[in-house]
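Each chain, letter by letter, is given below.
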Amino acid sequence: MDVTYLPHAVGNGAEIRADCRVHGLERDREGRITGVVYRHRGTDRRQRCAAVFLCAGAVETPRLLLNLGLANGSGQVGRNYMGHVATQVWGTFEPEIRMNRGYPSSLISEDMVRPKEADFAGGYLMQSLGVEPLTWGNSVARGRGLWGRALTDYLTRYNHVAGIGINGETLPCDANVLALSDETDAFGLRKARIDFGYSTNETRLDAHATRTMVAIWEAAGASDVWVLPRVAHTIGTCRMGRDGDSAVVDPVGRSFEIPNLWISDGSTFPSSLAANPALTIMALALRSAEAFLGAH
């Protein structure tokens with residue numbers, strides 16, 4: 001897979017534009033990064049820099065590092081890819097629900113973040129759903145296998161349908177890994193290949209959550225209740241830690257191997273937790289910025 005989230009190089013007040021593609025990092029004899037090579041409108045350019053912040057997400061960040069053979073002495077770049085268990089349960093109600101009105105996740109329950117008598121570690125939060133018609137149609141076609149007249153007939157009930165979804169913890173696992181494929185992109189860089197699946201823990205969590213959500217909708221009087229299996233968010237692949245033998249970056253996001261390389265995105269998460277990662281990414285970015293500014 002090849003996505004368009006791009007690395008940014010920051011140094012001396014410079015920032016690589018979002019319509020450019022970084023494909024090389026230059027280093028001095030001491031191993032520090034001295035320049036970023038990027039392509040803009042077919043021409044390779046070089047930006048000198050004092051430091052690099054790599055903020056391309058849990059797919060493109062490890063992909064670039066693996067392609068360049070950088071910052072992977074721990075062998076953890078690309079390892080422990082995680083995505084939240086994000087199963088949804090949908091039901092139809094006689095009165096109009098109009099899920100498009102209001103904030104989609106306006107109702108959230110954390111009662112199952114650490115459920116009692118669970119046969120799995122971790123837990124999940126539950127939230128109300130509000131999905132626009134196009135996304136809803138895609139989900140129905142994929143999740144229920146409906147097509148043609150059967151699909152359009154079901155979609156006419158849009159205003160009467162409501163959903164509950166979860167964010168469930170996924171444990172880090174060596175079997176879930178992002179590696180480089182044999183296919184290359186337009187810049188000659190190998191694309192990412194992701195191997196991901198549930199372990200016993202995620203399977204048990206998903207079963208518990210599905211039973212809970214189905215029971216809620218049945219108690220609320222829903223009919224035609226059905227389940228949409230999903231995985232959401234890209235997390236992990238450049239984990240943070242306190243030991244360079246088992247992590248890619250330290251607790252403030254600095255590479256153990258390259259002192260002026262910082263990583264600030266969802267790839268540094270050592271575990272997934274049971275919530276959308278955006279606010280945590282923001283908090284970690286502030287911590288990295290404070291550490292960087294304090295060191296300079």
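As a reminder, the structure under discussion sits directly above these lines.
Basis of the calculations
- Residues numbered from 1 in each chain as written.
- Predicted model: local features only at pLDDT ≥ 70, side-chain atom pairs only at ≥ 80, totals over all residues.
- Heavy atoms only, no water.
- Helix = DSSP H or I, 4+ residues; strand = E, 2+ residues; numbered from the N terminus.
- Buried < 20%, exposed > 50% of the residue type's maximum accessible area, 1.4 Å probe, protein only.
- Contact = heavy atoms within 4.5 Å.
- Areas by Shrake-Rupley, 256 points an atom, 1.4 Å probe, with all protein chains shown as cover.
- Lys, Arg positive; Asp, Glu negative; His and termini not counted.
- Charge placed at Lys NZ, Arg CZ, Asp CG, Glu CD.
- Pairing = 2+ DSSP bridges.

**Student:** How should the overall build of the protein be read in this particular structure?
**Tutor:** Check the secondary structure of the protein and you find 5 helices and 16 strands. The C-alpha extent of the protein, read off along each of the three principal axes, is 70 × 45 × 35 Å. Evaluated residue by residue, the protein yields a buried proportion of 47% over its 296 residues. Partitioning the intrachain contacts of the protein with sequence separation of at least 6 by distance along the chain shows that 68% fall at a separation of at least 24. Per element, the accessible surface of the protein, about 14800 Å² overall, is 51% carbon and sulfur. Of note, the protein has its 30 positive side-chain charges centred 4 Å away from the centre of its 32 negative side-chain charges.

**Student:** What's the story with the pairing of strand β3 (residues 21-27) in this structure? I'm lost.
**Tutor:** On any regular strand, side chains alternate: one points to one face of the sheet, the next to the other face. With 5 of 7 residues buried, β3 lies mostly within the body of the structure. Two elements, β3 and strand β4 (residues 33-40), share 6 bridges in a ladder whose sense is antiparallel. Considered in β4, the bridge of V22 is made with Y38. In this antiparallel pair of consecutive strands, β3 and β4, the connection spans 5 residues, and G31 shows a positive phi of 90 degrees.

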